[in-house]
Amino acid sequence: MIYREMAANGNGEVAVNGNGAAVARKQKGTLPSITTSDKHHHEVCHDMSAPTVKAQTIDELHSLQKKKSAPNTPIKGLQGTFAALPEEERQKQQLQSISASLASLTRGSGPKVVKGDPANKSQTTQKVHQHHVAAPTISASDSSLKFTHVLYNLSPAELYEQAIHYEKGSFITSTGALATLSGAKTGRAPRDKRVVKDDVTGKELWWGKGSPNIEMDEHTFLVNRERAVDYLNSLDKVFVNDQFLNWDPENRIKVRIVSARAYHSLFMHNMCIRPTPEELEEFGTPDFTIYNAGQFPCNRYTHYMTSSTSIDLNLARSEMVILGTQYAGEMKKGLFSVMHYLMPKRRILSLHSGCNMGKDGDVALFFGLSGTGKTTLSTDPNRYLIGDDEHCWTETGVSNIEGGCYAKCIDLSREKEPDIWNAIKFGTVLENVVFEEHTREVDYADKSVTENTRASYPIEYIPNAKIPCVGPHPKNVILLACDAFGVLPPVSKLNLAQTMYHFISGYTALVAGTEEGVKEPRATFSACFGAAFIMMHPTKYAAMLAEKMLKHGATGWLVNTGWSGGSYGSGSRIKLAYTRKIIDAIHSGSLLKAEYRKTEVFGLEIPTEVEGVPSEILDPVNTWSNKLGYNDTLMKLAGLFKNNFETFTDHKIGKDTELTEEILAAGPNF
């Protein structure tokens, strides 16, 4: 007898034979067949619809998910430190190098290190046992009895997992970015930055009035280093990034970052140049090491300490120590300071600038402090992006120092900055942003945590990024100023002496949130548009810039992205659309052909017309209803320029005094 029943989809039949065994008659659209066998009267069901996995336990099944990645880039040669070694020996020496980085100077040896996450008990690990010198029992420490797990050059996906699992305040936003918090510090702490002053740096670096270099001695640095290393060694795991600075292969710097947070590791993964698997095999010993123990404070009773935060740089040891701040920007800018020391010693000019290139190979540099529009204006959909913040100018052209971008997010919109908006996706770090609790959509206008919200992403997230990030010699040098007084014109053409004057002055408005304690814009001067990061006297960088501009025929421009029609609070900020039109005219060369007239006091050459920009705003006096107020404000700013420049009048620029005198004469005249 056959009993027919409709299957769930209405098409199947089930037949029962005389022995009671069920047999499915497969038809189009039927459910997967399940048969029972009466062989030896064992009633066993078999699902015949799919093959089974080759695993006997759930752990074996999980192990099948992941496979070892093999290097997929061509080997350029076996000149690297570890390249010619067998895999096991190479891994051992790599771990020994990391252990040496984490070595306590008092104990003379590093911790026992093991690769892998301590939470993953089934993970195969390689260990290296450091042989400690015999010492009295009293010198033993708990950290010397344990293994420090090293999470080495993890991928963004792995770092996401670490952050979300272990770091409170880490979330995935609606676009796939990792939202995180930097703790109590939401900006850099320049007053807590220290540089070791020794016999060499005492002569080479800029010290004293106006200098960002606040001295500390070698002993105090070693005290803070020991504090940081002991803290890192006390943890179950640390993150280690081995990466590069500078896209110019002839002047590349190897850096190692040791940190306690996945957020910091992912940030530096984005901001430094990411090595290929082959380059990582050949990495060897780093040229510079950062110890980021930012979750642990410094000892305020230690000499030279003025707070619980300290960012310490030792150029002789090629090391940097971070205590008491989790703001990731300290690592980025600390390395930039190092490049400002190393590159000029090679006759290479280090620059706090954005850089892009046109389709015809014309390169433009954008100088400017945070908040002046450097990142926004250098990220142009019609031009190739070489970089948004840090560059070198060599004998062959320009090169980006970094492998990523660090963009301000406050009031970010798709309409105004589509490239940056679209770059905020999986792999991007979003610092201190606010998002909707359920949908995880970010509200970029919300300043609840800080106004200094940021996005860190790899440079290749910008569609028109030029990889490798190098280009020919610049054609235009654009100095950006966010003028809070509202008296500088939207654009001025500069002669060489004026370019040097405004480059050394570095005038802008300090934008809220970029540094601790700043709540609203205020006028400030920052030598070379980056005084917080330069190591030598500003005139050294200025002389190198003048030499390169003369040699390669570059034109200087001063562009005001700040206020018009009044000072901050009464006027309004110049529209970004107008600034973009001005920059377009500079790139195309049309602004060189415009008619110009000279302004009073500052003696700036301003065009009478720029396509797409209202002519009346090109001369700021036209936008002020109170002409007397304009003149008073103009004289006030001119006085501030003169007072600021007195710091530099005693330094010779170039080989003789001629250029120095020309630069002094290029300032405001009243």
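Parameters and conventions
Residues numbered from 1 in each chain as written. Predicted model: local features only at pLDDT ≥ 70, side-chain atom pairs only at ≥ 80, totals over all residues. Heavy atoms only, no water. Helix = DSSP H or I, 4+ residues; strand = E, 2+ residues; numbered from the N terminus. Buried < 20%, exposed > 50% of the residue type's maximum accessible area, 1.4 Å probe, protein only. Contact = heavy atoms within 4.5 Å. pLDDT = per-residue confidence, 0-100. Polar contact = N/O pair within 3.5 Å; in protein donor to acceptor, adjacent residues only side chain to side chain. Axes fitted to C-alpha atoms, helices over the stretch in contact; angles between N-to-C directions. Parallel < 35°, antiparallel > 145°, perpendicular 65-115°, else oblique. Left-handed = near helix turned anticlockwise from the far one by under 90°. Core = buried A, V, L, I, M, F, W, Y, C linked by side-chain atoms within 4.5 Å. Domains from an automatic or database assignment. Nonpolar A, V, L, I, M, F, W, Y, C, P; charged D, E, K, R; others polar.

1. A short note on the environment of serine 265
(1) Moving on: Structurally, serine 265 is set in helix α6 (residues 262-271).
(2) Moving on: Judged by its relative accessible area of 2%, serine 265 falls in the buried class.
(3) Moving on: Each C-alpha atom of the pair serine 265 and valine 238 lies 9.6 Å from the other, and the pair is 27 residues apart in sequence.
(4) Moving on: If sequence neighbours within four positions are ignored, serine 265 has contacts with Leu159, Phe239, Asn241 and Ser259.

2. A closer look at the confidence of the model for the protein chain
(1) Moving on: Taken residue by residue, the protein chain gives an average pLDDT of 86. The fraction at 70 or more is 81%.
(2) Moving on: Note that pLDDT drops below 50 for residues 70-79; the model gives that stretch 14 contacts with residues more than four away or on any other chain.
(3) Moving on: Every residue in residues 124-140 scores below 50 in pLDDT, and together they form 27 contacts with partners more than four places removed in sequence or on other chains.

3. A short note on the side chain of threonine 325
(1) Moving on: Relative to the elements of secondary structure, threonine 325 occurs in the loop between β16 (319-323) and α8 (329-342).
(2) Moving on: Note on threonine 325: relative accessible area 1%, which makes it buried.
(3) Moving on: Among the polar contacts made by the side chain of threonine 325, one reaches the main-chain amide nitrogen of tyrosine 327 at a distance of 3.3 Å.
(4) Moving on: Beyond its immediate stretch of four places on either side in the chain, threonine 325 contacts Lys185, Asn292, Gly294, Thr309, Ile311 and Glu330.

4. Thoughts on the packing of helix α11 (residues 496-505) against helix α12 (residues 538-552)
(1) Moving on: Relative orientation of the contacting elements α11 and α12 amounts to 150°, with a least axis distance of 10 Å. Compared by their axis directions, α11 and α12 come out roughly antiparallel. In this structure, the crossing between α11 and α12 has a hand that is right-handed. In contact with Leu496, Thr499, Met500, Phe503 and Ile504 of α11, α12 contributes Pro538, Tyr541, Ala542, Leu545, Ala546, Met549 and Leu550.

5. Regarding the nonpolar core
(1) Moving on: Core analysis: the largest hydrophobic core is formed by 121 residues, its most contacted members being Leu430 and Tyr457.
(2) Moving on: Each of domain 1 (151-167 + 181-346 + 403-414) and domain 2 (473-666) gives at least three residues to this core.
(3) Moving on: Not counting chain neighbours up to four residues away, the residues in contact with leucine 430 comprise Thr173, Ala177, Leu178, Ala179, Thr180, Cys409, Ile424, Val442, Tyr444, Arg454 and Ala455.
(4) Moving on: Ranked by size, the runner-up nonpolar core spans 25 residues in total, among them Leu95, Val238, Val240 and Val258.

6. Re the packing of α11 against helix α14 (residues 627-645)
Axes are the key here: two packed helices are described by the angle between their axes and the distance separating the axes.
(1) Moving on: Orientation of α11 relative to α14, taken along the N-to-C sense of each, is 80°, at an axis distance of 10 Å. On the basis of the axis angle, α11 is roughly perpendicular to α14. Contacts between α11 and α14 involve Tyr501, His502, Ile504 and Ser505 from the first element and Phe641, Lys642, Asn644 and Phe645 from the second.
(2) Moving on: For the contact of α11 with α14, a count of residues per class yields four nonpolar, three polar and one charged.

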